[in-house]
Amino acid sequence: MGFKGKEASSFFRDFLDECGGSAVIDGGFATELERHGADLNDQLWSAKCLVSSSSHLVRRVHLDYLEAGANIILTASYQATIQGFEAKGFSREEGVTMLRRSVEIAREAREIYHDRCTKDSSDFMRNERYRKRPILIAASVGSYGAYLADGSEYVGDYGDSVTVQTLKDFHRERVKILVDAGADLIAFETIPNKLEAQAYAELLDEEGIETPAWFSFSCKDESNVVSGDSIFECASIADSCRQVVAVGVNCTAPRFIHGLISSVKKATSKPVLVYPNSGETYISESNQWVKSSESEDDFVPYISKWRDAGASLFGGCCRTTPNTIRGIAEAIYGKVQDKCI
Ligand code: MET
Ligand SMILES: [Zn+2]
């Protein structure tokens with residue numbers, strides 16, 4: 001499925017229709033990489049695995065989420081930036097190659113998955129609706145705060161010296177590379193403040209980017225993103241951007257999601273997406289996630305309530321796994337077979 005020649009919004013509406021109205025996003029990428037043995041204690045975090053010797057792990061994680069029932073898989077580029085790669089001693093060209101590879105590896109995984117499904121359909125994939133579901137590759141773009149690798153994507157305060165222009169200049173090239181590499185969508189995710197949403201909207205316009213995008217914010221309660229800016233104002237910026245086809249929240253505690261869906265819906269009639277984290281809190285000093293008394297272990301039982309509240313795309317973020325995504329897919333598609341092979 002391609003968006004070329006179609007308006008971004010009608011492309012996405014068709015996709016959601018094909019999914020039956022609701023779609024499944026994948027789950028925690030870094031979490032699953034670590035489960036496969038990757039050591040991500042690094043400034044580049046999950047983007048560290050884009051070096052060629054680890055690309056098999058990235059492909060493996062994409063396949064895990066496809067097998068769990070995802071309609072949309074996010075690339076390993078969340079914390080991948082030319083600036084970040086250069087700071088680690090890679091050349092500019094190597095940085096560009098790794099960004100491109102993030103999209104290519106996801107596309108390879110989709111092909112492998114489709115191939116398996118076709119070959120093994122008669123025995124293993126009896127649920128037609130699930131087997132024939134559309135699958136999109138969303139290029140992940142993490143915030144400037146993610147590049148800083150100091151936890152500021154959960155605080156959202158970049159200081160007075162960082163302006164909309166700083167942020168546009170920071171993101172410009174990587175967004176163009178990801179688009180050129182053939183992503184179906186751009187997932188601007190874990191956006192911590194209004195400033196960065198504004199920068200993304202202007203960037204898409206200035207560069208004449210036609211690839212559909214979503215804006216997803218990380219929030220600290222039912223009505224504010226982590227910086228304290230209101231989700232209503234943030235979602236309003238997304239609403240007025242032509243290329244934005246869905247708006248929502250990610251890497252946010254499950255207990256805030258219901259209220260946030262209502263707040264986002266007040267600002268936009270675009271499809272609403274939610275992919276919460278496990279409800280644990282990230283401690284940047286120790287680089288660890290800790291359970292709080294309010295942590296929720298499993299938000300899958302809420303999916304139908306969130307759907308009733310008006311959301312139409314559901315997945316998981318940090319500390320969620322293919323099990324969560326399988327649960328979501330079953331809530332949406334009915335029983336899913338374990339694997340294609
Ligand atoms: C800190 S939010 C991270 C989002 C990214 N897509 C990931 O799952 O790794
Ligand atoms: Zn996350």
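Computed from a prediction, not measured in an experiment: that's the story for all the values here. (Residues numbered from 1 in each chain as written. Chains lettered and ligands numbered in written order. Predicted model: local features only at pLDDT ≥ 70, side-chain atom pairs only at ≥ 80, totals over all residues. Heavy atoms only, no water.)

Participant: Break down the confidence of the model for the chain for me, citing the residues and quoting the values.
Facilitator: Looking at the chain, pLDDT values average 92 and 93% of them are 70 or higher. Here the predicted complex scores 0.94 on pTM and 0.98 on ipTM. (pLDDT = per-residue confidence, 0-100.)

Participant: How would you summarise unusual backbone geometry if you had to cite specific residues and measurements?
Facilitator: At Trp-45, a position not held by glycine, the phi torsion is positive, near 50 degrees. One can find Trp-45 in the loop between α2 (29-35) and α3 (55-68). At Ala-149, a position not held by glycine, the phi torsion is positive, near 55 degrees. (Helix = DSSP H or I, 4+ residues; strand = E, 2+ residues; numbered from the N terminus.)

Participant: Which residues make up the packing of helix α9 (residues 194-206) against helix α10 (residues 231-239), and what are the values?
Facilitator: One way to put it is that α9 packs onto α10 with a least axis distance of 9 Å and a crossing angle of 0 degrees. Taken together, the axis directions place α9 and α10 in an arrangement best described as roughly parallel. Within the contact between the two elements, α9 uses Lys-194, Ala-197, Gln-198 and Ala-201 and α10 uses Glu-233, Cys-234 and Ile-237. Residues that form the contact of α9 with α10 fall into these classes: four nonpolar, one polar and two charged. (Axes fitted to C-alpha atoms, helices over the stretch in contact; angles between N-to-C directions. Parallel < 35°, antiparallel > 145°, perpendicular 65-115°, else oblique. Contact = heavy atoms within 4.5 Å. Nonpolar A, V, L, I, M, F, W, Y, C, P; charged D, E, K, R; others polar.)

Participant: Explain helix α8 (residues 164-180) to me, and be specific about the residues and the numbers.
Facilitator: The end-to-end C-alpha distance of α8 is 24 Å, a good match for the 24 Å that 17 residues give at a rise of 1.5 Å each. Burial in α8 covers these residues: Val-164, Leu-167, Lys-168, Phe-170, His-171, Arg-172, Arg-174, Val-175, Ile-177, Leu-178 and Val-179. Within two residues after α8, Gly-182 carries a phi angle of roughly 100 degrees, on the positive side. (Expected span 1.5 Å × (residues − 1). Buried < 20%, exposed > 50% of the residue type's maximum accessible area, 1.4 Å probe, protein only.)

Participant: Tell me about the site of ligand 1, residues and numbers included.
Facilitator: Of all residues adjacent to ligand 1, which total 13 residues, the nearest are Phe-29, Tyr-78, Tyr-154, Glu-189 and Thr-190. Take Phe-29: an N or O atom from its main chain is 3.0 Å from an oxygen atom of ligand 1. Glu-189 places a polar side-chain atom, nitrogen or oxygen, 2.8 Å from a nitrogen atom of ligand 1. Across the complex, the protein chains shield 97% of the 300 Å² of accessible surface that ligand 1 would expose by itself. Within the residue set of the shell around ligand 1, elements represented by two or more residues are α2 and β4 (185-191). Residues that form the shell around ligand 1 fall into these classes: nine nonpolar, two polar and two charged. (Near = heavy atom within 4 Å. Polar contact = N/O pair within 3.5 Å; in protein donor to acceptor, adjacent residues only side chain to side chain. Areas by Shrake-Rupley, 256 points an atom, 1.4 Å probe, with all protein chains shown as cover.)

Participant: Break down empty space enclosed by the protein for me, citing the residues and quoting the values.
Facilitator: Considering all chains together, one arrives at one cavity of 30 Å³ or more under this definition. Taken as a whole, the largest cavity spans an internal volume of roughly 230 Å³. Of all the secondary-structure elements, those providing two or more residues to the lining of the largest cavity are α2 and β4. Of the residues in the lining of the largest cavity, the class split is eleven nonpolar, eight polar and three charged. (1 Å grid on protein atoms, 1.4 Å probe; cavity = no way out; pocket = protein on both sides within 12 Å on 5 of 7 lines; lining within 4 Å. Points joined across faces, edges and corners; volume = space filled by probe spheres on them.)

Participant: I'd like to hear about the environment of Glu-94, residue by residue, with values.
Facilitator: Here Glu-94 shows up in helix α5 (residues 92-124). Take Glu-94: its relative accessible area is 40%, and that puts it in the partly exposed class. Taking the C-alpha atoms as reference, Glu-94 lies 9.0 Å from Val-51; in sequence the two are 43 residues apart.

Participant: Give a detailed account of the coordination of the zinc ion (ligand 2), specifying residues and quantitative values.
Facilitator: For a metal bound by four donors in tetrahedral geometry, the ideal donor-metal-donor angle is 109.5 degrees, whereas six donors in octahedral geometry ideally sit at 90 or 180 degrees. Coordination of the zinc ion (ligand 2) by the protein involves Cys-251 (SG), Cys-317 (SG) and Cys-318 (SG), with metal-donor separations of 2.2 to 2.3 Å. Here the donor residues for the zinc ion (ligand 2) map to a single chain with the spacing C-x65-C-C. Linking Cys-251 in the loop between β6 (244-250) and α11 (257-267) with Cys-318 in the loop between β10 (311-314) and α13 (322-333), this pair joins segments that are 67 residues apart in sequence. Note on accessibility: Cys-251 and Cys-318 belong to one class, buried. (Donors = N, O, S within 2.8 Å, 3.2 Å for Na, K, Ca; no water.)

Participant: Quick one: what's the story with the sheet that holds strand β7 (residues 272-275), residue by residue and with numbers?
Facilitator: Taken together, the eight strands give an open sheet; going across it, the order is β1-β10-β7-β6-β5-β4-β3-β2, and neighbouring strands pair in parallel fashion. The sheet is open, and its two borders are formed by β1 (23-24) and β2 (72-74), each paired with just one other strand. (Pairing = 2+ DSSP bridges.)

Participant: Explain the packing of aromatic side chains to me, using residue names and the numbers behind them.
Facilitator: Scanning the model with the defined rule gives 16 aromatic pairs in all. With 5.2 Å between their ring centres and 80 degrees between their planes, Tyr-144 and Tyr-158 make a pair best called edge-to-face. Residue Tyr-144 is found in helix α7 (residues 144-148), and its partner Tyr-158 is found in the loop between α7 and α8; the two are separated by 14 residues along the sequence. Each residue in the set Tyr-144, Tyr-147, Tyr-158 and Phe-170 is aromatic and connected to the rest through ring pairs, giving one cluster. (Phe/Tyr/Trp six-rings, centres within 6.5 Å; stacked < 30°, edge-to-face > 60°.)

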